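Now for the letters of each chain:
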Amino acid sequence: MKIRRASMKDMKTLLDLYDELLELEIAKYDPTLIPKWSYTKHGIKYFTEMINGSYTSVAEVDDKVVGYLAGKINEKNDYELYQYGEIDNICVTKECRGQGIGTALIKDFMGYCKENGIEDFKVVACAKDRDAINFYHKLGFGDFDVTLTINPKVKTLTED
Ligand SMILES: CC(C)(COP(=O)(O)OP(=O)(O)OC[C@H]1O[C@@H](n2cnc3c(N)ncnc32)[C@H](O)[C@@H]1OP(=O)(O)O)[C@@H](O)C(=O)NCCC(=O)NCCS
């Protein structure tokens, strides 16, 4: 398996992998998200910016892209003391999960951040997505913010 920076040539694969992630999120966690968003002009613009201005990497097995991570170092601002590396989204295609590819993508992103003097990291996950949360816990992330919602279209953890 090889991890490399994504280029514009990877656009179609990135849109497909994001769509795989979105379908899973809509089906299992958040039906308020808009299906097929990645293929819209906004989705394409988002990935263009993530490839050219932020950090997007892909994992290849036998020259085929099987996963990606889109992340960024947040802009310096006047209300936070430290910058941090934020994972925007990550997906490994279903057939290739559980083989260490997601871990390799995260470690690669962390390496990039550390080379740029960034030691802090952040990712947002749906509270109901225990699989993703367990994955991040194994990588050393701890729970921090809690988002509370009144939204009749979704079920929250406290309703279970
Ligand atoms: C989450 C995801 C990126 C992890 O990538 P992966 O290549 O499957 O992860 P790894 O093989 O590196 O797994 C690392 C550890 O996390 C655990 N883990 C990963 N996915 C898991 C899952 N779905 N359920 C339970 N544990 C999981 C593994 O057991 C593994 O632990 P181990 O090394 O002790 O066996 C991948 O499963 C995926 O794309 N899921 C769908 C999209 C998604 O949830 N994205 C994140 C949204 S916030």
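Structure shown above.
Rules and cut-offs
Residues numbered from 1 in each chain as written. Predicted model: local features only at pLDDT ≥ 70, side-chain atom pairs only at ≥ 80, totals over all residues. Pairing = 2+ DSSP bridges. Helix = DSSP H or I, 4+ residues; strand = E, 2+ residues; numbered from the N terminus. Axes fitted to C-alpha atoms, helices over the stretch in contact; angles between N-to-C directions. Buried ≥ 20, exposed ≤ 12 C-beta atoms within 10 Å, placed from the backbone. Near = placed C-beta within 6 Å. Nonpolar A, V, L, I, M, F, W, Y, C, P; charged D, E, K, R; others polar. Core = buried A, V, L, I, M, F, W, Y, C linked by C-beta atoms within 7 Å. Contact = placed C-beta atoms within 7 Å. Expected span 1.5 Å × (residues − 1). Arc of directions from axis to C-beta.

K.L.:
Would you explain the sheet that holds strand β2 (residues 55-61) in this entry?
P.N.:
Strand pairing in a sheet is mediated by backbone hydrogen bonds. Such pairs are either parallel or antiparallel. Spatial ordering of the open sheet is given by β1-β2-β3-β4-β5, a layout of 5 strands whose pairing is mixed. Of all strands in the sheet, those with a lone pairing partner are β1 (2-5) and β5 (121-123), marking the two edges. Put simply, the sheet's adjacent strands are angled 30° from each other on average, direction ignored. Examined bridge by bridge, strand β4 (residues 85-92) and β5 share 3 bridges and lie parallel to one another. Note that in β5 the partner of G85 across the bridge is F121.

K.L.:
Looking at this structure, I do not really get the environment of R5. What am I missing?
P.N.:
Considering the arrangement of structural elements, one finds R5 in strand β1. Given 12 C-beta atoms within a 10 Å radius, R5 is considered exposed. Between the C-alpha atom of R5 and that of Y55, which follows or precedes it by 50 residues, the distance is 7.4 Å.

K.L.:
Just to check I follow, could you spell out the site of the ligand for this structure?
P.N.:
Taken together, 18 residues lie around the ligand, and R97, I101, G102, T103 and D131 are the ones closest in. If you tally residues by element for the shell around the ligand, the top one is helix α4 (residues 130-138), at 5 residues. Of the residues assigned to the shell around the ligand, the class counts are 9 nonpolar, 6 polar and 3 charged.

K.L.:
Could you clarify how one ought to interpret the nonpolar core in this entry?
P.N.:
Nonpolar side chains in soluble globular proteins generally cluster together in the buried interior. Residues L14, Y68, L69, C91, L105 and F109 are the most contacted members of the largest nonpolar core, which totals 25 residues. Elements with a contribution of two residues or more to this core: α1 (11-28), α2 (41-52), β2, β3 (64-73), β4 and α3 (101-115). It is α3 that contributes the most residues to this core, 5 residues altogether. In this structure, Y68 is in contact with A6, L14, L17, T56, S57, V58 and C91, ignoring residues within four places of it in sequence.

K.L.:
Even after reading the chapter, I still don't get α1, so can you show me in this structure?
P.N.:
Residues that lie three or four places apart on an α-helix share one face, since the helix turns once every 3.6 residues. Taking 1.5 Å per residue as the helical rise, α1 with its 18 residues ought to reach 26 Å, and the 26 Å between its terminal C-alpha atoms agrees with that figure. Of all the positions in α1, only L14, L17, Y18 and L22 are classed as buried. All buried residues of α1 fall inside an arc of 140° around its axis, so they share one side. Turned more than 90 degrees off the buried face of α1, the exposed positions are K12 and A27. Residues of α1 that are buried make contact with α2, β3 and β4.

K.L.:
Would you mind showing me how to read unusual backbone geometry here?
P.N.:
Apart from glycine, the bulk of residues carry a negative phi angle, and the bulk of peptide bonds sit in the trans form. Positive phi values are uncommon outside glycine, yet D62 reaches one of about 50°. In this fold, D62 is placed in the loop between β2 and β3. Overall, D62 belongs to the exposed group, with 7 C-beta atoms counted inside 10 Å. Non-glycine residue D63 carries a positive phi angle of around 65°.

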